[in-house]
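The lines below spell out each chain.
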Amino acid sequence: MSRVCELTGKRAMVGNNVSHAMNKTKRKFSVNLVKKRFYIPEEDRWVTLRISTSALKTINKNGIAAVLKEAKANGLVK
């Protein structure tokens, strides 16, 4: 399973490791993902999502219903 946030679509970024001698080698910046269950009262069911921690903070601030509605508008959720 790829490391992609199901709500925001965040993926791993690519960059460089830079040594003291300024030698550059490729590296990956992985997304901080967590598996979390949410209760959606409108649908009266539980949903398990693999989301980034920044998306989790957004859900805590705005609510799961608002975030899911925005993700559907962006085409990230069916």
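That block above? That's the structure.
In this report, the structure presented in the accompanying data block is examined. (Residues numbered from 1 in each chain as written. Predicted model: local features only at pLDDT ≥ 70, side-chain atom pairs only at ≥ 80, totals over all residues. Heavy atoms only, no water.)

**Things to note about the environment of Leu7**
Here comes step 1: Note that Leu7 resides in the segment before β1 (13–18).
Here comes step 2: Separated by 40 residues in sequence, Leu7 and Val47 place their C-alpha atoms 12 Å apart.
Here comes step 3: Residues contacting Leu7, with those up to four places away along its chain left out, are Leu49, Ile51, Ile59, Val67, Leu68, Ala71, Leu76 and Val77. (Helix = DSSP H or I, 4+ residues; strand = E, 2+ residues; numbered from the N terminus. Contact = heavy atoms within 4.5 Å.)

**Observations concerning the pattern of salt bridges**
Here comes step 1: Scanning all chains against the criterion turns up one salt bridge.
Here comes step 2: Put simply, Arg45 and Glu43 hold a salt bridge, and the shortest N to O gap is 2.6 Å.
Here comes step 3: Arg45 gets classed as partly exposed once you look at its relative accessible area, which sits at 43%. (Salt bridge = Lys/Arg side-chain N within 4 Å of Asp/Glu carboxyl O. Buried < 20%, exposed > 50% of the residue type's maximum accessible area, 1.4 Å probe, protein only.)

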